[in-house]
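Here's the letter readout for the chains.
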Amino acid sequence: MNIEQARFNMIEQQIRPWNVLDQDVLDLLHVVKREQFVPQAYANLAFADVEIPLPGGEAMLAPKIEARILQEVMLKKHEDVLLVGAGSGYLAALLAYKGRHVTAVEISPELKALAEANLSRAGVTNVTVELGNAAEGWPAHAPYDVIVVSGSLESLPEGFLKQLKVGGRIAAIIGEPPVMSCNIVTRVADTAYSTVKVFETNVKPLTGAPVASHFEF
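Thresholds applied
- Residues numbered from 1 in each chain as written.
- Predicted model: local features only at pLDDT ≥ 70, side-chain atom pairs only at ≥ 80, totals over all residues.
- Heavy atoms only, no water.
- Helix = DSSP H or I, 4+ residues; strand = E, 2+ residues; numbered from the N terminus.
- Contact = heavy atoms within 4.5 Å.
- Buried < 20%, exposed > 50% of the residue type's maximum accessible area, 1.4 Å probe, protein only.

Visitor: Requested: an account of the environment of D80, with residues and values cited.
Guide: Tracing the backbone through its elements, the reader meets D80 in strand β3 (residues 80-84). When sequence neighbours within four positions are dropped, the list of residues in contact with D80 reads R100, H101, Y144, D145 and V146.

Visitor: How would you sum up unusual backbone geometry? Please name residues and give values.
Guide: With an omega dihedral of 0°, the bond running from A142 to P143 counts as a cis peptide bond. Inspection of the secondary structure puts P143 in the loop between β5 (127-131) and β6 (144-153). With omega at 5°, the peptide bond leading from P177 into P178 counts as cis. Inspection of the secondary structure assignment puts P178 in the loop between β7 (164-176) and β8 (179-189). We note that N19 has phi near 65°; this positive angle belongs to a residue other than glycine. Relative to the elements of secondary structure, N19 occurs in the loop between α1 (3-15) and α2 (23-31). With relative accessibility at 47%, the residue N19 sits in the partly exposed group. Although it is not a glycine, M74 sits at a positive phi angle of roughly 50°. Structurally, the position occupied by M74 is in the loop between α3 (63-73) and β3. The exposed category is assigned to M74, whose relative accessible area is 57%.

If you want it as structure tokens, here you go:
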């Protein structure tokens, strides 16, 4: 496989047509080498339009979803990020290049170790991978400028809203299969938030996320 040709094809045939038009984001996809974050068994799928399996039944998001989230949060160089679910470390690396510091919280010790190894090998130094369940927030380093949730949620926990700076943005995929929408929630004032739905998708639920009760009286 010609890796650079495959990367180019991924960007031009999958990502750009999915309304990812921010040139900084497109350029970054050449800089952060996705193949360095894909398990060896799936190396041939590094640039495919699929979710790539990770240990413990987890998965990397499809490249176009990662790129679109990166574009929509409009991360700036001085901003701090909470990433819920480190996975293989790839999305953390993309966010790290755009922002000041990323706190990536991972519930699986195996994936925490994988993400740390991948980030270290890729030379990314402004990501801290912490072990725990941040499905309802992570107060340790709050407030954050940007919060990105890497799995789907039935609804957005209030903890995330409280841990966001005024002017900060949350990217979260909300809903239930088969239709979910990626929402960008902006804290516009101390007690006011605005929500924009940016695209529809269907991704795996976030491990450890609270499940709404469907019991009816």
